Amino acid sequence: MTDTKEHLSSSQKQEAFLEKWASGEGIDFPDEKSKAAYQYRAGIMKDAIQLKKTPDRAPVVPLTTFAPVMLYGYSGKQAMYDPHILGKIALDFTTEYDVDAAGIAPMIMYGPALETLDYHLYRWPGHGVKEELSYQFVEKEYMKAEDYDHLIVDPSDYWFRVWLPRTHGALAPLAELPPMYGTMELPMAGPWLCTLGAPPIQQAYKALLEAGKQCFDWISALGPYLGRIMASGYPFYAGGATKAPFDLLGDSFRGTVQLMMDLYRRPEKVIAAMERLTPLMIGTGVAGAMANNNPLVFIPLHKGADGFMSNEQFEKFYWPSLKAVMMGLIEQGCVPCCFVEGGYNERLEYLAEMPKGQSIFIFDRTDMARARKILGGKSCIGGGFPISLIVTGTVRQVEDETKRLLDTAAGDGGYILSIGCAMDEAREDTLKAFIKTGQEYGKY
């Protein structure tokens, strides 16, 4: 039997996926009131994405990481080491602060599993960072310049036998594994399997399995809290996540300095690597969205901001693969939700190339009047509120800035009120003022 989805356009697939998500299908609501509240909040999100002037108001969605943890008096370490604490915080914050879409609690990873793997890419509370703080990324040259060909030819093999051993201390012995292609026939299988019996490699696999068991137990404990958030009437603001290929190379593989030098020393390798990574990043985002029945795919943009590279370099190195990832997500019915860090005042015209009403751009330090002018009526925009006011401003200053931002950016629809970063800290009075003012003043 032919799959009718294959005959749908990307916009039709996206509409069907958004409608399914907004309906609350599969959520065990305790009553009709909770179901209606969920459908209302997801509905205004859907309308904003599709550039509709909702019958009510712009959605209010402050992106958060550790801010709820701090607001409820817990330390970062407690949140990362006790899923019940993290789950309760996520539930209490969402319902008390009454946001229109909930943050993704699993963005705060499980500390014990990171310890088991001897994870190198981050320092986290109680492990390189003070217990009361949040985590810190550790950027290094985890991929050498001579590794480009290996990554391009076989990303999975490179990831498993080179990158994982360099970034996870407990998995270092995996670097001694030969390629798995030696299993192709019986005479070759024996030597390959013998390597798996080496004690260091056995220990590496045991560490990987132990971390998997820890994370399974963690999500099993956290999951019911996430279910209660949705059942209480609150959708999540993303179902999946992925990255721009340039950012993946720069953040977790080559490092910023090395990658920027690669633009001059080996530009063809950079482009080939990004083209190889593009379908992998599409698949990663789609898989998360499908698993969570939520079409929004979060994409943090790190290294394409004004000042990181020229417009010519952005057009050559950054935008083509990011655009390809976004288009790939759209073609599968997903909604790319780009968190545009830094300023994109010189890049807005590129973003305007996306199909109408099928993407979200949440801005950090971009001129929101210019963003509205360039992208209004083309893509949903959001953000633009300075975190500094939430942390150091007065309630009156927050109220005034929220109104000014809505007047500037909300237009006649297609806007999500958000803060220009994912919050690691906040104050109760100013954050509640931001949300309340948005809900009251952001009406159409």
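So, here is what we can say about the structure in this document. Predicted model only: the values in this text are computed from it and were never measured. (Residues numbered from 1 in each chain as written. Predicted model: local features only at pLDDT ≥ 70, side-chain atom pairs only at ≥ 80, totals over all residues. Heavy atoms only, no water.)

Some thoughts on the overall build of the protein chain
Along the backbone of the protein chain there are 19 helices and 9 strands. A globule of 444 residues ought to have a C-alpha radius of gyration of about 22 Å, and the protein chain, at 23 Å, matches this closely. Overall, the protein chain is about 70 × 55 × 45 Å in size when its C-alpha atoms are taken along their principal axes. Looking at the protein chain as a whole, 52% of its 444 residues qualify as buried. In the protein chain, of all internal contacts separated by at least 6 residues, the share reaching a separation of at least 24 is 72%. Here the protein chain has roughly 19,200 Å² of accessible surface; of this, 55% comes from carbon and sulfur atoms. (Helix = DSSP H or I, 4+ residues; strand = E, 2+ residues; numbered from the N terminus. Rg over C-alpha atoms; globule rule 2.2 N^0.38 Å. Buried < 20%, exposed > 50% of the residue type's maximum accessible area, 1.4 Å probe, protein only. Contact = heavy atoms within 4.5 Å. Areas by Shrake-Rupley, 256 points an atom, 1.4 Å probe, with all protein chains shown as cover.)

A word on the nonpolar core
In terms of nonpolar packing, the biggest core is built from 111 residues, with Leu249, Phe363, Tyr415, Leu431 and Phe434 touching the most fellow members. Counting residues per element, this core draws most heavily on helix H14 (residues 311–331), which supplies 9 residues. Core analysis: the next-biggest nonpolar cluster, separate from the first, contains 26 residues, Ala42, Ile49, Phe339 and Ile360 among them. (Core = buried A, V, L, I, M, F, W, Y, C linked by side-chain atoms within 4.5 Å.)

Some remarks on the side chain of Arg57
By secondary structure assignment, the location of Arg57 is in the loop between helix H2 (32–49) and helix H3 (67–71). On the basis of relative accessible area, Arg57 is assigned to the buried category, the value being 7%. At 3.4 Å, the side chain of Arg57 forms a polar contact with the side chain of Tyr40. Here the side chain of Arg57 touches Asp100 through a polar contact of 2.7 Å, side chain to side chain. Ignoring sequence-local partners within four residues, the contact set of Arg57 consists of Tyr40, Ile44, Asp100, Gln439, Gly442, Lys443 and Tyr444. (Polar contact = N/O pair within 3.5 Å; in protein donor to acceptor, adjacent residues only side chain to side chain.)

Here we look at H2
Helix length check: H2, at 18 residues, gives a terminal C-alpha distance of 25 Å against a target of 26 Å (1.5 Å per residue), a fit within 8%. Taken together, the buried positions of H2 are occupied by Ser34, Tyr38, Arg41, Ala42, Gly43, Ile44, Met45, Lys46, Asp47, Ala48 and Ile49. A positive phi of about 65 degrees marks Leu51, the residue just after H2. (Expected span 1.5 Å × (residues − 1).)

Overview of unusual backbone geometry
Positive phi is not limited to glycine here, since Leu51 has a value of about 65 degrees. For Leu51, the position within the fold is in the loop between H2 and H3. The exposure class of Leu51 is buried, given its relative accessible area of 19%. At Asp118, a position not held by glycine, the phi torsion is positive, near 55 degrees. Since its relative accessible area comes to 35%, Asp118 is described here as partly exposed.

Concerning the sheet that holds strand E7 (residues 360–363)
One open sheet accounts for 6 strands, arranged E4-E5-E6-E7-E8-E9; its pairing is parallel. Both outer strands of the open sheet, strand E4 (240–241) and strand E9 (415–416), are each paired with one neighbouring strand and no more. Alignment of strand E5 (residues 296–301) against strand E6 (residues 335–340), held across 6 bridges, turns out to be parallel. Across the sheet, residue Phe298 finds its bridge partner in E6, namely Cys337. (Pairing = 2+ DSSP bridges.)

Notes on the packing of aromatic side chains
What the rule picks out here adds up to 21 aromatic pairs. Ring centres of Phe66 and Tyr135 lie 5.2 Å apart, and the angle between their planes is 80 degrees; on these two criteria the pair is classed as edge-to-face. Here Phe66 is found in the loop between H2 and H3, whereas its partner Tyr135 is found in the loop between strand E2 (128–129) and strand E3 (136–137), with 69 residues between them in sequence. Judged by its relative accessible area of 0%, Phe66 is buried. Relative accessible area serves as the criterion here: at 24%, Tyr135 is assigned to the partly exposed category. (Phe/Tyr/Trp six-rings, centres within 6.5 Å; stacked < 30°, edge-to-face > 60°.)

With respect to helix H13 (residues 267–292)
Between its first and last C-alpha atoms H13 spans 37 Å; for 26 residues at 1.5 Å apiece the expected length is 38 Å, and the two agree. Where H13 bends most, the angle comes to about 30 degrees, and this point is Leu277, followed within four residues by the proline Pro279. Looking only at H13, the buried set comprises Pro267, Val270, Ala273, Met274, Leu277, Thr278, Met281, Ile282, Gly285, Val286, Gly288 and Ala289. Once H13 ends, the next one or two residues include Asn293, with phi positive near 50 degrees. (Bend = angle between axes of the 7 residues up to and from the residue.)

As for the sheet that holds strand E1 (residues 122–125)
The strand order across the open sheet built from 3 strands is E2-E1-E3, with neighbouring strands paired in mixed fashion. Since the sheet does not close on itself, it has two edges, and those belong to E2 and E3, each with one partner. Where E1 lies against E2, 2 bridges are found, and the strand directions are parallel. Across the sheet, residue Trp124 finds its bridge partner in E2, namely Gly128.

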